[in-house]
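So the chains spell out like this:
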Amino acid sequence: MQRTWSAGPGRLSVREGDITRLTVDAVVNAANSRLAGGGGVDGAIHRAAGIDRLQAACREIIREIGSLPPGEAVITPGFGLPARHIIHTVGPIWRGGANSEPELLGNAYRNSLALAHRHDIQTLAFPAISCGVYGYPVEDAARIALTVLKEGIEAGLVIEAVMVLHGEAAYDTWSRIAEDIL
Ligand code: ADP
């Protein structure tokens, strides 16, 4: 299942599936601030990329920067993934919505797009950042994500962004909101 909308010179797609299987220039990982790997999409990306090589690359970054604050993004190779690169970003943990969650979630998407642009990445796939264990209300997250992606594509930062949703219910929600925004 996939739907695609045009946005300025590029396009934005919403599809159902497993982000680790996508052949795109880069996939975005919903990481934690220690880049330590974990459950959810982060665990799936680590397993598919190859845990040892990806963990070594992440440890090297953490040695340099200490930790990755919410809203920021860094890049590693994709190793065993079909994607050439992984952009690791950290979404906010939902604490009721009055703790800068919307701004930090927007920054996670914005900074991932900006980093992709600096690395000549033209096709970029995102998971639903913060919508798993971090507890962000899905409809609110979808509005923020799709608005930021639309603006970034219109500005020419990437040619195509793909939101990859795990499960049909999530896909239905995101494609309804995309229909509204795009
Ligand atoms: P966070 O800690 O940012 O909330 P999670 O990994 O817990 O991140 O969840 C983020 C979203 O990723 C959830 O909506 C979850 O259903 C989804 N997800 C989990 N595995 C995959 C996968 N292989 N491909 C795409 N999305 C996935």
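Residues numbered from 1 in each chain as written. Predicted model: local features only at pLDDT ≥ 70, side-chain atom pairs only at ≥ 80, totals over all residues. Heavy atoms only, no water.

## Quick notes on the environment of Glu60
One can find Glu60 in helix H2 (residues 51–65). Polar side-chain contacts of Glu60 include one of 2.7 Å to the side chain of Arg63. (Helix = DSSP H or I, 4+ residues; strand = E, 2+ residues; numbered from the N terminus. Polar contact = N/O pair within 3.5 Å; in protein donor to acceptor, adjacent residues only side chain to side chain.)

## Some remarks on the layout of surface pockets
In this model, the largest pocket occupies a volume close to 630 Å³. In terms of lining residues, the largest pocket is bounded by 28 residues, among which Gly40, Val41, Asp42, Ala128 and Gly132 are the most central. Sorting the residues of the lining of the largest pocket by element identifies helix H1 (40–49), strand E7 (160–165) and helix H5 (168–181) as the ones contributing at least two each. Here the lining of the largest pocket gets 4 residues from one element, more than from any other, and that element is H1. Split into classes, the residues belonging to the lining of the largest pocket amount to 16 nonpolar, 10 polar and 2 charged. (1 Å grid on protein atoms, 1.4 Å probe; cavity = no way out; pocket = protein on both sides within 12 Å on 5 of 7 lines; lining within 4 Å. Points joined across faces, edges and corners; volume = space filled by probe spheres on them. Nonpolar A, V, L, I, M, F, W, Y, C, P; charged D, E, K, R; others polar.)

## So, the sheet that holds strand E3 (residues 26–30)
Sheet architecture is open: 7 strands sit in the order E1-E2-E7-E6-E3-E5-E4, paired in mixed fashion. Looking at which strands have only one partner, the edges of the open sheet turn out to be strand E1 (2–7) and strand E4 (73–77). Within this sheet the neighbouring strands show an average axis-to-axis angle of 20 degrees, counted without direction. Contacting E4 and strand E5 (85–89), H2 crosses the sheet at an angle of about 140 degrees to E4. (Pairing = 2+ DSSP bridges. Axes fitted to C-alpha atoms, helices over the stretch in contact; angles between N-to-C directions. Contact = heavy atoms within 4.5 Å.)

## With respect to the UniProt feature "domain: Macro" (unreviewed entry) in the protein chain
What UniProt calls "domain: Macro" (unreviewed entry) maps, in this numbering, to residues 1–182. Overall, residues 1–182 shows 41% helix and 21% strand. The separation of its end C-alpha atoms is 18 Å. (UniProt positions renumbered as here; feature names shortened; annotations may be inferred.)

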